[in-house]
Amino acid sequence: MKHLNAGALLPEALVKELQSYVQGAYLYVPTDRARRKEWGEVSGYRQELRRRNRAIVEAYRHGVSMDALAEAHGLSVSAIRKIIYQK
């Protein structure tokens, strides 16, 4: 997370108003919910996991055992089972 100087970024009146609440401290301003990204959207990791999970399901349908899939993907058999049987 990048720190910004409010005095350099915001109008002076707004800085004065903020100073009535907090001074000399870090203030976190959350992202607007309408503009918020879901986990993994920015990095692309969510898509990568979807591709991996589809490949696991497809391999299982073609006869690869859960044990072999767990070994190949570095996951537990329980995790493989959840991926295969997820809705």
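Right, let's walk through the structure included here. (Residues numbered from 1 in each chain as written. Predicted model: local features only at pLDDT ≥ 70, side-chain atom pairs only at ≥ 80, totals over all residues. Heavy atoms only, no water.)

Notes on the environment of Tyr45
Step number 1: When you line up the elements, Tyr45 lands in helix α3 (residues 45-61).
Step number 2: Discounting chain neighbours no more than four positions away, the residues touching Tyr45 are Trp39 and Gly40. (Helix = DSSP H or I, 4+ residues; strand = E, 2+ residues; numbered from the N terminus. Contact = heavy atoms within 4.5 Å.)

Re α3
Step number 1: Along its 17 residues, α3 runs 24 Å from first to last C-alpha, staying within 8% of the 24 Å computed at 1.5 Å per residue.
Step number 2: Every buried residue of α3 is accounted for by Leu49, Asn53, Ile56 and Val57. One side of α3 holds all its buried residues, which, seen down the axis, span an arc of 95 degrees. What points out from α3, more than 90 degrees from its buried face, is the exposed set Arg54 and Arg61.
Step number 3: Of the residues one or two after α3, Gly63 is the one with positive phi, at around 100 degrees. (Expected span 1.5 Å × (residues − 1). Buried < 20%, exposed > 50% of the residue type's maximum accessible area, 1.4 Å probe, protein only. Arc of directions from axis to C-beta.)

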